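# Reading the structure
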Amino acid sequence: MASIEIDGLVKDYQNRQGKQTRVLDGIDLSISGETFVSIVGPSGSGKTTLLNIVSGIESLSNGSVRLRAGDRDAKVGYVFQDPRLLPWRTVTQNLRFVQHDRSGWEQRAQHYLDLVGLGHLGDRYPAQLSGGQQQRIGIARAFSVEPDILLMDEPFSHLDAMTSRSLREHLERIWLESRRTVMFVTHDVTEAVQLSDRIVVLAPGGRIHETIEVDLPRPRRASDPAVAMLQAEVLARFEVMEAAA
Ligand SMILES: Nc1ncnc2c1ncn2[C@@H]1O[C@H](COP(=O)(O)OP(=O)(O)OP(=O)(O)O)[C@@H](O)[C@H]1O
């Protein structure tokens, strides 16, 4: 079973004049098993910084982060805002490129492409796909290496509302079929409620404001009354927090 253990995480940035700004201020977070956790919060609250530190892209100033899968270090996948497909490779070749373990990769690639509904487009080049299709390929690629932990940074933020709604459904489907420990950064409360088991709300100043458990049946649709009600409630709490900041 995979786990993310964050203890007392602090991140300070230093500007050119040597002045320090605290961006994350004592984050404690424990995520384990097949759990989908969203990190939401206003712009500048440190969501991306937190994800980058968990992934190891950025260093931390204090505290600790441990990513484990049983008694070994966890294998981690990352889905960026922009899918970053290699334009000179076909879809299938893009998936092949990231496989550390090449045995059985073709079946794996086909399986995850099928799950995002693009199994028939393996021979296309990225330029022959829409933005939404490219992001679906990015998600299939991340799942195809079968990481223990998947980190996602606003993967749908630059897509239109219809496309991101359909992508959320694809993501939930692929996650239900191939459950991973997921940490998903978004500024979109709708997205967070629809996808998550737990929502961690970061407040300005980089502290955890509250944690909300989402105990709703899956698969979920944004239009389900229970999902819509919880979205409204979380949004209202979010607005109160922003107003108080
Ligand atoms: N390399 C850096 N050097 C200095 N400050 C930085 C650096 N990266 C981020 N910051 C600052 O850290 C704070 C948090 O940034 P971060 O991108 O993590 O926030 P966020 O919640 O993801 O915001 P958004 O929703 O707008 O993407 C911001 O005030 C930002 O200006």
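Residues numbered from 1 in each chain as written. Predicted model: local features only at pLDDT ≥ 70, side-chain atom pairs only at ≥ 80, totals over all residues.

- Looking at an unreviewed UniProt entry, one finds the chain named ABC transporter ATP-binding protein, with Actinomadura alba as its source organism.

## A closer look at the UniProt feature "domain: ABC transporter" (unreviewed entry) in the chain
- Mapped onto the present numbering, the UniProt feature "domain: ABC transporter" (unreviewed entry) falls on residues 4–229.
- The span residues 4–229 carries 31% helix and 29% strand; its end-to-end C-alpha distance comes to 30 Å. (UniProt positions renumbered as here; feature names shortened; annotations may be inferred. Helix = DSSP H or I, 4+ residues; strand = E, 2+ residues; numbered from the N terminus.)

## A short note on the sheet that holds strand β2 (residues 20–32)
- The strand order across the open sheet built from four strands is β2-β1-β4-β5, with neighbouring strands paired in antiparallel fashion. What marks the edges here is a single partner per strand, and that holds for β2 and β5 (72–73).
- By the bridge criterion, two bridges tie strand β4 (residues 62–69) to β5 in an arrangement that is antiparallel. Within the sheet, the bridge partner assigned to Arg-68 lies in β5 and is Asp-73. (Pairing = 2+ DSSP bridges.)

## Section: the packing of helix α3 (residues 105–115) against helix α4 (residues 131–144)
- Two elements in contact, α3 and α4, have axes whose closest approach is 9 Å; the angle formed by their N-to-C orientations is 140°. Our classification of the angle between α3 and α4 gives oblique. In this structure, α3 crosses over α4, and the sense of that crossing is right-handed. Across from Arg-108, Ala-109, Tyr-112, Leu-113 and Leu-115 in α3, the residues of α4 making contact are Ala-140, Phe-143 and Ser-144.
- Considered class by class, the residues forming the contact of α3 with α4 number six nonpolar, one polar and one charged. (Axes fitted to C-alpha atoms, helices over the stretch in contact; angles between N-to-C directions. Parallel < 35°, antiparallel > 145°, perpendicular 65-115°, else oblique. Left-handed = near helix turned anticlockwise from the far one by under 90°. Contact = placed C-beta atoms within 7 Å. Nonpolar A, V, L, I, M, F, W, Y, C, P; charged D, E, K, R; others polar.)

## Considerations on the site of the ligand
- In the vicinity of the ligand, the residues found are Tyr-13, Val-23, Gly-41, Ser-43, Gly-44, Ser-45, Gly-46, Lys-47, Thr-48, Thr-49 and His-187.
- Considering every element that reaches the shell around the ligand, the biggest residue donor is helix α1 (residues 47–55), with three residues.
- Considered class by class, the residues forming the shell around the ligand number two nonpolar, eight polar and one charged. (Near = placed C-beta within 6 Å.)

## Some words on the confidence of the model for the chain
- Looking at the chain, pLDDT values average 92 and 100% of them are 70 or higher.
- Scoring of the predicted complex yields 0.91 for pTM and 0.97 for ipTM. (pLDDT = per-residue confidence, 0-100.)

## A closer look at the sheet that holds strand β7 (residues 149–153)
- Taking strand neighbours across the sheet as the criterion, the six strands line up as β6-β7-β8-β3-β9-β10 in an open arrangement whose pairing is mixed. The open sheet terminates on both sides in strands that have one partner only, identified here as β6 (76–79) and β10 (207–213). Here the average twist between neighbouring strands, direction ignored, is 20°.
- As paired elements, strand β3 (residues 36–40) and strand β9 (residues 198–203) share four bridges and run parallel to each other. Across the sheet, the residue bridging to Ser-38 is Ile-199, located in β9.
- Relative to β6, α4 is tilted by about 175°, and along the sheet it contacts β6 and β7.
- Relative to the sheet, helix α7 (residues 225–244) contacts β9 and β10, its axis offset from that of β9 by approximately 15°.

## Side note on the nonpolar core
- Within the largest apolar cluster, 58 residues are counted, with the highest numbers of intra-cluster contacts made by Ala-140 and Met-183.
- A per-element tally of this core places α4 first, with five residues.
- In this structure Ala-140 touches Leu-95, Tyr-112, Leu-113, Leu-115 and Val-116, once residues within four positions along its chain are discounted. (Core = buried A, V, L, I, M, F, W, Y, C linked by C-beta atoms within 7 Å. Buried ≥ 20, exposed ≤ 12 C-beta atoms within 10 Å, placed from the backbone.)

## Describing the packing of α4 against helix α5 (residues 161–177)
- Two elements in contact, α4 and α5, have axes whose closest approach is 10 Å; the angle formed by their N-to-C orientations is 15°. Looking at the two axes, α4 sits roughly parallel to α5. α4 and α5 meet at a crossing whose hand is right-handed. Contact with α4, carried on its side by Gly-132, Gln-135, Arg-136, Ile-139 and Phe-143, involves Thr-163, Ser-166, Leu-167, His-170, Leu-171 and Ile-174 of α5 and no other residues of that element.
- The class makeup of the residues in the contact of α4 with α5 is five nonpolar, five polar and one charged.

## As for the pairing of β9
- Alignment of β9 against β10, held across six bridges, turns out to be antiparallel. The residue bridging Ile-199 from the neighbouring strand is Ile-212, located in β10.
- Hairpin connection between β9 and β10: a loop of three residues separates the two successive antiparallel strands, and Gly-205 in this loop has a positive phi of roughly 100°.

## Considerations on the environment of Pro-204
- Considering the arrangement of structural elements, one finds Pro-204 in the loop between β9 and β10.
- By C-beta crowding, Pro-204 is classed as partly exposed, having 16 other C-beta atoms within 10 Å.
- Sequence separation between Pro-204 and Glu-242 is 38 residues, and the spatial gap between their C-alpha atoms is 8.0 Å.
- Non-local contacts of Pro-204, meaning those with residues more than four positions away in its chain, are made with Pro-42, Gly-44, Ser-45 and Ala-245.

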